[in-house]
Structures are given as structure tokens and as C-alpha cells.
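Commentary on secondary and tertiary structure
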Amino acid sequence: MLAALLIVFREVFEAGLIVGIVMAVTAGIAGRGWWIGGGAAAGVLGACLLALFAASLSAAFEGFGQELFNAAILLVAVAMLTWHNVWMARHGRELAAQMRAAGHAVKAGTKSLAGLGVVVAIAVLREGFEVVLFLYGVAAASEPGSGLAIIAGGIAGLALGVATCVLTYLGLLTIPSRHLFAVTTAMLAFLAAGMAAQAVAFLQAANALTALGATLWDTSWLLSDRSVLGRALHTLIGYSDQPTALELLVYVATLAVTFALLKLFAREPAAEATA
Amino acid sequence: MVLIATRRAAAALLVGAVLTAGGVAQAQNAVVHITVKNHRFEPSEPRAPANRPITIRVRNLDSTAMEFESVRLRVEKVVAPNTEGVINVRALSPGRYEFFDDFHKQTRGTLVVE
């Protein structure tokens with residue numbers, strides 16, 4: 001039961017962090033519950049569907065279907081996160097002013113909410129896929145009795161993942177609201193950069209990218225990216241204990257592009273306050 | 001528009017990077033075959049040459065999915081029932097590299113690189 005708990009928790013932990021951040025980012029925006037809940041539900045459904053077709057996915061692209069699929073959806077998530085950040089840089093100020101004036105949730109930002117809904121769906125889909133395969137394997141193979149204990153472990157692991165999500169959300173909400181926007185903008189930028197680097201790692205594993213494949217450093221003796229803290233940092237800022245040159249290049253480039261776009265759009269006069 | 005333009009530029013950069021160094025990395029990989037049956041690796045101590053990229057082909061003959069994982073090899077790959085998973089590993093220095101099935105922790109093996 002403990003083994004099942006650990007396996008499931010490790011998978012949902014990452015998704016929990018991402019969903020918690022997205023919840024904090026959208027705090028106070030009307031209708032966000034639908035988008036986040038819908039995204040999570042779509043992710044679970046997608047994970048079940050994907051598990052059904054696991055065999056054909058694995059066999060696709062000469063055995064690298066999983067890697068290419070992961071890279072593709074990660075890049076979609078990177079695009080959505082960047083889009084949201086840029087959109088908020090443009091409209092965030094008006095949004096915040098409206099929120100203060102009205103003293104409650106505003107009906108705005110639904111467009112970028114859709115983008116964040118996609119990010120949630122992708123995070124849940126990626127982690128959920130392995131959980132579904134694992135639990136299905138247990139349910140199919142185990143003798144009655146021990147299967148139940150493992151399912152119970154799985155549910156406990158899932159609950160811990162949800163707790164991670166809630167704690168991340170509540171933790172971020174303790175940040176004073178005038179700083180929250182700056183903090184979450186930076187967090188989303190690092191999240192996107194880390195995902196872009198992960199996508200590169202998947203493409204390298206599939207031999208789709210071979211350039212700059214040399215490992216730059218090995219800090220696994222200091223902090224393994226398989227440890228709990230390492231995994232958290234891996235998700236939050238893209239920490240890798242043995243990154244390749246291309247991973248680092250794409251990581252830095254994503255950050256640079258994001259912050260350049262933010263500067264570019266934040267400078268534009270807020271002429272469309274009434275739009 | 002700016003977003004699309006920068007994304008295109010990034011894509012062009014990536015493609016360019018692949019083309020320039022693609023030829024160098026095409027050195028022949030050593031291939032290691034491993035099968036999993038009744039949650040046992042066969043062979044449980046496969047051998048591979050040092051200083052050459054390795055392709056590990058894991059054939060899962062069980063009726064449940066497994067996850068081929070190794071911390072030292074930096075590998076984590078789900079292999080569906082009755083399919084073969086293909087894993088690329090960078091050139092390794094001589095040594096023993098443990099691997100296991102993350103879904104069935106008692107299923108373990110070691111890649112011996114020499």
C-alpha cells in the first residue's frame with residue numbers, strides 16, 4: 001500500500017503544484033472554477049483514453065511516440081503560459097483596478113483563462129497517464145485483497161497530491177496582493193522555461209534533436225532531480241541535475257523571450273481601458 | 001504576431017542546430033535487448049560497451065504495464081503490455097548501472113558497462 005501511495009503521489013505532486021499556481025494566478029477572476037475544473041476533468045479523461053491506446057502510442061514513431069507526444073503537449077503548455085503572461089501584462093492593470101473598485105471578482109480575462117485551462121489539462125494528462133496505467137495493472141493482475149490495499153494506497157496518494165495543490169494555492173495567497181501579480185508572473189515564466197527544457201529533453205531522448213547534447217554539469221550528488229525537493233524544483237523552475245547544453249539554451253531563450261515580450265507589451269499605453 | 005514571429009525564429013534556430021551537428025551524433029548505437037516476463041528481467045545483467053551511445057530495447061511480455069526506470073541512466077519510460085519500449089542512453093563510462101520496474105519494485109536488473 002505504501003509503495004502504491006508513493007508512486008501515485010510522485011506523479012500527482014507535479015500536477016498539484018502546477019494547478020495550485022494556476023489557481024493563485026486566477027484568484028478573483030469570475031468563472032475560473034469552470035476553466036480549472038474543466039481542464040482537470042479533461043486531463044483525467046485524456047489520461048484514461050491515452051492509457052487505452054498506450055500500446056499504439058509507444059509503438060508510434062519507431063518506439064518514441066511517448067517522448068514526441070510529451071514534447072508536443074509540453075510545447076503547447078509553454079505557448080499557453082507565455083500567452084497568458086503577455087495578455088496579463090497588457091490587461092492586468094485594468095483588471096486589478098476593476099477588482100479593487102468592485103471589491104469582488106470581475107468578469108474578465110476569460111480568453112486567457114482558456115489558455116490556463118489547457119495548461120491544467122496537460123499537467124493532469126501527463127501525470128495521470130502513468131497513474132491510470134499503474135492502477136489498472138494492479139487491478140488486473142493482483143489477487144483479490146492485496147489489490148484493494150493498493151487501490152487504497154493510490155487514493156491516499158491522490159489525496160496527498162490534492163493537498164499539495166491546496167497548500168501551494170493557500171501559500172501563494174499569503175503574499176500581499178500588490179506583490180502577487182509580479183510573483184505569479186515570474187513563476188509562470190520559470191514554469192514555461194522549465195517545460196520548454198523538458199520538451200527538449202524528450203526530443204533528445206527520441207533522437208529528434210541531437211545537437212548540443214553534451215551534459216553540462218552533474219549536480220546529482222548535491223541535489224538529485226529524483227528527490228522530492230529536486231522534483232519540486234524541477235517542476236517550478238526546471239531544475240535538472242544533468243542538463244544538456246541545448247536544454248540550458250532553450251531554457252534561457254524561453255525566459256529571455258518571455259521577459260522581452262512582457263516589457264514590450266507592458267509599455268504600451270493602457271488606451272483600451274474601456275474596451 | 002510578435003509571438004508567432006519569435007516562435008518561428010526559435011523553431012528555425014532549433015532546426016538549424018539539428019542540421020549542423022546531426023551528422024556527428026549519428027555514430028552507431030550499441031543495442032541491448034531486455035525482456036520482462038513474470039516481472040523478471042531477462043537477462044538481469046545485460047552487458048554493453050563503454051563510451052558508445054546505447055539503445056535499450058525493453059520487451060514487456062507481461063499483461064500489465066511496466067515502467068523501466070534507472071536513476072543513473074536517467075531513464076523513465078512506460079512500456080505497455082506486449083509492446084517494446086525503445087530507450088536511448090548516452091555513452092557511458094565503465095560501471096554498473098542499476099535499473100528497475102517502477103511499477104513493481106522487486107523487478108530489478110543491472111546494466112554492466114565495460
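Residues numbered from 1 in each chain as written. Chains lettered and ligands numbered in written order. Predicted model: local features only at pLDDT ≥ 70, side-chain atom pairs only at ≥ 80, totals over all residues. Heavy atoms only, no water.

Some details on the overall build of chain B
Regarding its fold elements, chain B presents 1 helix and 9 strands. Counting from the amino terminus, helix and strand elements in chain B follow one another as α-β-β-β-β-β-β-β-β-β. Counting the 114 residues in chain B, one finds 43% classified as buried. For chain B, long-range pairs separated by at least 24 residues make up 56% of all intrachain contacts whose partners lie at least 6 apart in sequence. Within the structure as shown, chain B displays about 5,900 Å² of accessible surface, and the carbon and sulfur contribution to it stands at 56%. (Helix = DSSP H or I, 4+ residues; strand = E, 2+ residues; numbered from the N terminus. Buried < 20%, exposed > 50% of the residue type's maximum accessible area, 1.4 Å probe, protein only. Contact = heavy atoms within 4.5 Å. Areas by Shrake-Rupley, 256 points an atom, 1.4 Å probe, with all protein chains shown as cover.)

With respect to the packing of helix 1 (residues 2–25) of chain A against helix 7 (residues 177–205) of chain A
Residues and elements named next belong to chain A. Direction vectors running N to C along helix 1 and helix 7 enclose 145 degrees, while the axes themselves pass 10 Å from each other. Helix 1 and helix 7 meet at a crossing whose hand is left-handed. Residues E14, I18, I21, A24 and V25 of helix 1 pack against L180, T184, M187, L188, L191, M195 and Q198 of helix 7. Looking at side-chain class alone, the contact of helix 1 with helix 7 contains 9 nonpolar, 2 polar and 1 charged residues. (Axes fitted to C-alpha atoms, helices over the stretch in contact; angles between N-to-C directions. Left-handed = near helix turned anticlockwise from the far one by under 90°. Nonpolar A, V, L, I, M, F, W, Y, C, P; charged D, E, K, R; others polar.)

Quick notes on the sheet that holds strand 1 (residues 30–37) of chain B
Residue and element names in this part refer to chain B. Pairing within the open sheet is mixed, and its 4 strands lie in the order 2-1-4-7. A single partner strand is all that each edge strand has here, and the edge strands are strand 2 (40–42) and strand 7 (83–89). Averaged over neighbouring strand pairs, the angle between their axes works out to 25 degrees when direction is ignored. As judged from the 7 bridges shared by strand 4 (residues 54–60) and strand 7, these two strands associate in the antiparallel manner. Paired with R57 across the bridge in strand 7 is V86. (Pairing = 2+ DSSP bridges.)

Some words on empty space enclosed by the protein
All names here are of chain A. For the coordinates displayed, the defined rule picks out 1 cavity of 30 Å³ or more. Taken as a whole, the largest cavity holds about 80 Å³ of empty space. E14, I18, L74, I122, A123, R126, E127, L191, M195, Q198 and T235 together form the lining of the largest cavity. Elements with a minimum of two residues in the lining of the largest cavity: helix 1, helix 5 (110–141) and helix 7. With 4 residues, helix 5 is the largest single contributor of residues to the lining of the largest cavity. (1 Å grid on protein atoms, 1.4 Å probe; cavity = no way out; pocket = protein on both sides within 12 Å on 5 of 7 lines; lining within 4 Å. Points joined across faces, edges and corners; volume = space filled by probe spheres on them.)

Here's the deal with the confidence of the model for chain A
Residue and element names in this part refer to chain A. Across chain A, the average pLDDT comes to 86, with 88% of residues at 70 or higher. Per-element mean pLDDT across chain A ranges from 84 in helix 4 (residues 65–102) up to 93 in helix 2 (residues 32–52). Here residues 270–275 is a poorly scored stretch, pLDDT under 50, and it has 5 contacts once near neighbours within four places are set aside; other chains count. (pLDDT = per-residue confidence, 0-100.)

Description of the interface of chain A and chain B
Each partner contributes residues to the interface: chain A has 39 residues there, and chain B has 31 residues. Together chain A and chain B conceal approximately 2,800 Å² of surface at their shared face, both sides included; 59% is due to carbon and sulfur atoms. At the junction of chain A with chain B, the criterion picks out 9 salt bridges. The closest approach of N and O atoms between B:R74 and A:D241, which form a salt bridge, is 2.5 Å. Elements with a minimum of two residues in the side of chain A that touches chain B: helix 1, helix 3 (54–63), helix 4, helix 5 and helix 9 (245–267) of chain A. (Buried area = accessible area lost by both parts, 1.4 Å probe. Salt bridge = Lys/Arg side-chain N within 4 Å of Asp/Glu carboxyl O.)

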